[in-house]
Amino acid sequence: MTGAVRIPLNDYGVLGEPPAPGEWTPTRTVSVVIPAYRAERTLPLTLAGLARQTYPAHLMEVVVVDDGDRPMAPLPDTPAGPLPERLRVVRPRGGAWGRASACAAGAEAAQGEVILYLDADLVLFPEHVEAQMRWHHLADYLVVLGHLRFVPGLDEVPASEVLAAVEAGAVHKLYAEEDATPQWTERRWDQTDDLRAAGFNAFSVMVGATASLPVRLLRAAGGLDASLVLGEDTELGYRLAQAGAVFVPDRRSRCWHLGRSTVMRRETDVKRHNWPHLAERVPSFRWLRRHPHRSYLVPYVDVVVEVGDASFEEVRATVDAVLAGRLPDVRVTVVGPWGRLGGGRRDPLGDPSLDLRLVLACYQGEPRVRFREAVPDDCFPVPFRFHCPPGWVPSRGTIGAVVKHADRQRLGIVSLALDERKDGRVVSARLERTAAMSRARRCAGPGDDLDDLVHEMYGTVWDAGSTWGFLPTALAAASVPPMPGRAPAKASGEAGAPRGARSGSKPLRSVPKPLRFVPEPLTRSVPRPLRRTARVLRRRLRALVRPA
């Protein structure tokens, strides 16, 4: 099944309508994982609902993760309701606690091909599991979200009445739909054609109360982050998106949520708790990353600079320009044969590996720079990777502008032509969207080209690097005012030209005219804040002299 369907962005409509419940033959196994903490009153009702599901019992197991401080009483001894045929109770590993740890323990114990996470305070409609599972028979990289409504708790509707409705197949009659409170995610569903038009932000509505996904997809994303005690479902949704997932809400996978959620009761407190954690881990939430000069656990862009035969000066010019850019949450991966730099005696000035040693020495204290022997297969969970050849200098706004362009145009790859060598090779920079590359790998069959798949599902584009503020090192150096006591840098091709002028490149006089401009920061004779202040003062002066 892998690679059979290519879904563009989050538009799962290409799959067609799934079969109606009861009108198809399921084959995939599912493990329903229920983290339970202080759920003695509601868990029996959730289990009773699972015992009355339309999905074949031999294909479904239920794993309850007892997250209480002390082990719960054996479930067969509880007085309320029927139990699923295949039911197990497990405990998290010693010392682990919280929903994320419980869900991780349940996933580790699960034996099904698909995992369905459920809260322990849900009353399920009979087709709840089947409605979600029919999607997982169509593609193997879907995250399916159930549809829930909040209803009064057991203080208003007794458990015996709820149980009677479950056993009679009358769950829909328990509460009036118009009296139930929709989950906040439902508004987002309504605004985006059930997430088909949600694009890259579909993951943000993932709520773990009722959600299912293939085990292989969960493992590819790294599972739940057990260090998070709240907000773990949103963070997992982000990583699933980077792993290439498509998010599908199913309005037929219905259930009642008994009582109000923690977010409904304490929204301000929940946001205050969650936002610092999500800011560190979810780069796509740009509104949580307002600081202009700090870095985070997960960068926004991983810039790859392959040293090759470039000089120290070329590599430094490129890396320094990236670090000085307006996008602060970047990471630079410098790729080179660092393993060959031995520590034995050598001629310090005649060392053939001197340039490599200087690059390594130059950034040993820079936490945003790391060194690798080869280009990693991907940069997961970083959402973007930008390949920048050494010897080319982006302006301060280049990388951020290219990323914004890719988001606005919903592109998976943006390639920028920088130069053409005498042998016909094109020197280029390239932005890759991690989610697009991951999706392409999932869908690739024998002989498929990943770029072609990304173009089909997301879109790709080529443009001139000069349009986005790229300059070769020599030209960039000539554009910068010299430091006191230093002579201005000479242009490429003149005597004493720096090593940045590569052999085999076109001479400077043949560089296309659009390349010959001063970098963006130098085109402004007055800093932006001062110009803004001047405009405000002019408006106020005009207001003072305006005739009555």
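Residues numbered from 1 in each chain as written. Predicted model: local features only at pLDDT ≥ 70, side-chain atom pairs only at ≥ 80, totals over all residues. Heavy atoms only, no water.

Peer 1: Even after reading the chapter, I still don't get the overall build of the protein, so can you show me in this structure?
Peer 2: Helices and strands together make up the secondary structure of the protein, namely 16 helices and 18 strands. When the 548 residues of the protein are sorted by exposure, 51% land in the buried category. Summarising the internal contacts of the protein: among those between residues at least 6 apart in sequence, 77% fall at separations of at least 24. Element-wise, carbon and sulfur atoms account for 52% of the exposed surface of the protein, whose accessible area totals about 26,800 Å². (Helix = DSSP H or I, 4+ residues; strand = E, 2+ residues; numbered from the N terminus. Buried < 20%, exposed > 50% of the residue type's maximum accessible area, 1.4 Å probe, protein only. Contact = heavy atoms within 4.5 Å. Areas by Shrake-Rupley, 256 points an atom, 1.4 Å probe, with all protein chains shown as cover.)

Peer 1: Looking at this structure, how should I read the packing of aromatic side chains?
Peer 2: We describe a pair of aromatic rings using the distance from one ring centre to the other and the angle between the two ring planes. Throughout the structure, instances matching the rule amount to twelve aromatic pairs. Pairwise contacts between aromatic rings join Phe203, Tyr238, Trp275, Phe285 and Trp287 into one cluster. Its guanidinium or amino end placed over the ring of Tyr300, Arg286 lies 3.7 Å from that ring's centre, counting from NZ or CZ. Sitting above the plane of the Phe200 ring, Arg433 keeps its charged end 3.6 Å from the centroid. (Phe/Tyr/Trp six-rings, centres within 6.5 Å; stacked < 30°, edge-to-face > 60°. Lys NZ or Arg CZ within 6 Å of the ring centre and 35° of its normal.)

Peer 1: Help me out: how do you make sense of the pairing of strand S16 (residues 426-433) in this one?
Peer 2: Where a strand is regular, its side chains alternate between the two sheet faces. Counting buried positions along S16 gives six out of eight residues, so the element sits mostly inside the fold. Relative to S16, strand S13 (residues 384-387) runs antiparallel, the two sharing four bridges. Considered in S16, the bridge of Phe386 is made with Leu431. Bridge count for strand S15 (residues 413-420) against S16 is seven bridges, and the pairing is antiparallel. Residue pairing for S16: Asp419 is matched across the bridge by Val427. Counting the residues in the hairpin turn of S15 and S16 gives five residues, including Gly424, whose phi is positive at 95 degrees. (Pairing = 2+ DSSP bridges.)

Peer 1: Which parts of the structure should I look at to understand the packing of helix H1 (residues 43-51) against helix H4 (residues 159-167)?
Peer 2: Each pair of packed helices can be summarised by the angle the axes make with each other and by the distance between the axes. Running from amino to carboxyl end, H1 crosses H4 at an angle of 5 degrees, the nearest separation of the two axes being 10 Å. Comparing their axes, H4 and H1 come out roughly parallel. Contacts from Leu45, Ala48 and Gly49 of H1 reach H4 at Ala159, Val162, Leu163 and Val166. Looking at side-chain class alone, the contact of H1 with H4 contains six nonpolar, one polar and no charged residues. (Axes fitted to C-alpha atoms, helices over the stretch in contact; angles between N-to-C directions. Parallel < 35°, antiparallel > 145°, perpendicular 65-115°, else oblique. Nonpolar A, V, L, I, M, F, W, Y, C, P; charged D, E, K, R; others polar.)

Peer 1: In this structure, what is going on with helix H9 (residues 267-281)? I would like to understand it.
Peer 2: Helical geometry note: an α-helix holds 3.6 residues per turn, so side chains three or four residues apart project in the same direction. Taking 1.5 Å per residue as the helical rise, H9 with its 15 residues ought to reach 21 Å, and the 20 Å between its terminal C-alpha atoms agrees with that figure. The axis of H9 is deflected most strongly, by about 35 degrees, at Asn274, and proline Pro276 appears within four residues downstream. Residues Val270, Asn274, Leu278, Ala279, Glu280 and Arg281 constitute the buried set of H9. Considering only its buried residues, H9 is in contact with helix H7 (232-242) and helix H8 (262-265). (Expected span 1.5 Å × (residues − 1). Bend = angle between axes of the 7 residues up to and from the residue.)

Peer 1: I keep staring at the layout of surface pockets and nothing clicks. Help me out?
Peer 2: Of the voids in this model, the largest pocket is the one considered here, and its volume is about 2,000 Å³. Lining the largest pocket are 50 residues; nearest its centre among them are Leu230, Asp233, Ser261, Thr262 and Val263. Mapped by element, the contributors of at least two residues to the lining of the largest pocket are strand S1 (30-36), strand S6 (142-151), helix H5 (185-191), H7, strand S9 (246-258), H8 and H9. At seven residues, the largest contribution of residues to the lining of the largest pocket is made by H9. Looking at the lining of the largest pocket residue by residue, the classes come out as 23 nonpolar, 13 polar and 14 charged. (1 Å grid on protein atoms, 1.4 Å probe; cavity = no way out; pocket = protein on both sides within 12 Å on 5 of 7 lines; lining within 4 Å. Points joined across faces, edges and corners; volume = space filled by probe spheres on them.)

Peer 1: Where do I start with unusual backbone geometry in this structure?
Peer 2: Between Phe380 and the following residue, Pro381, the backbone shows a cis peptide bond with an omega angle of 5 degrees. Mapped onto the secondary structure, Pro381 falls in the loop between strand S12 (369-372) and S13. In this structure, Leu195 is a non-glycine residue whose phi angle is positive, near 70 degrees. Here Leu195 shows up in the loop between H5 and strand S8 (210-214). Look at Arg410: it is not a glycine, yet its phi comes out positive at around 55 degrees. Relative to the helices and strands, Arg410 resides in the loop between helix H12 (398-408) and S15.

Peer 1: Please clarify how the side chain of His257 should be interpreted in this entry.
Peer 2: Within the secondary structure, His257 is located in strand S9. Taking the relative accessible area as the measure of exposure, His257 reaches 5% and is therefore buried. Within the structure, His257 has its side chain in polar contact with the backbone oxygen of Gly259 (distance 2.9 Å). If near-sequence neighbours (up to four positions away) are discounted, His257 is found in contact with Asp119, Asp121, Leu122, Leu148, Arg149, Phe150 and Val151. (Polar contact = N/O pair within 3.5 Å; in protein donor to acceptor, adjacent residues only side chain to side chain.)

Peer 1: I tried to follow the nonpolar core on my own but got confused; where do I start?
Peer 2: In terms of nonpolar packing, the biggest core is built from 44 residues, with Ile115, Tyr117, Val143, Leu145, Met206, Leu240 and Phe247 touching the most fellow members. The set of elements that each furnish at least two residues to this core consists of strand S2 (60-66), helix H2 (99-109), strand S4 (114-118), S6, S8, helix H6 (215-220), H7 and H9. The element best represented in this core is H2, accounting for six residues. Among the nonpolar cores identified, the runner-up in size contains 39 residues, and Val334, Phe371, Phe386 and Cys388 belong to it. (Core = buried A, V, L, I, M, F, W, Y, C linked by side-chain atoms within 4.5 Å.)

Peer 1: Would you mind showing me how to read the pairing of S8 here?
Peer 2: Summarising burial for S8: five of the five residues are buried, a large majority. In S8, alternate side chains face the same way, and those of Thr210, Ser212 and Pro214 on one face and Ala211 and Leu213 on the other are all buried. Note: S4 against S8, five bridges, orientation antiparallel. What sits directly across from Leu118, in S8, is Thr210. Judged from the two bridges that link them, S6 and S8 form a sheet pairing that is antiparallel. Counted as the bridge partner of Val144 is Ser212 from S8.

Peer 1: Help me understand the confidence of the model for the protein in this model?
Peer 2: Mean pLDDT over the protein stands at 88; residues scoring 70 or higher make up 86%. Across residues 491-527 the pLDDT falls below 50, and counting only partners more than four positions away or on other chains, this stretch makes 57 contacts in the model. (pLDDT = per-residue confidence, 0-100.)

Peer 1: What exactly am I supposed to notice about the sheet that holds S13 here?
Peer 2: Sheet strands pair by backbone hydrogen bonding; their relative direction is either parallel or antiparallel. Spatially, S12-S11-S10-S13-S16-S15-S17 is the arrangement adopted by the seven strands of the open sheet, whose pairing is mixed. The open sheet has two free edges, formed respectively by S12 and strand S17 (460-464), since each of these has just one partner strand. Neighbour-to-neighbour, the strand axes of this sheet turn through a mean angle of 20 degrees, independent of strand direction. Set on the sheet, helix H10 (residues 312-323) makes contact with strand S10 (301-306), strand S11 (330-335) and S12; between it and S11 the angle comes to about 165 degrees.

Peer 1: Explain the environment of Asp233 to me, please; I cannot follow it from the model alone.
Peer 2: Within the secondary structure, Asp233 is located in helix H7. Note on Asp233: relative accessible area 16%, which makes it buried. Residues Asp233 and Phe203, 30 residues apart in the sequence, show an inter-C-alpha distance of 9.6 Å. The contact partners of Asp233, leaving out residues within four places of it in the chain, are Met206, Val207 and Gly208.

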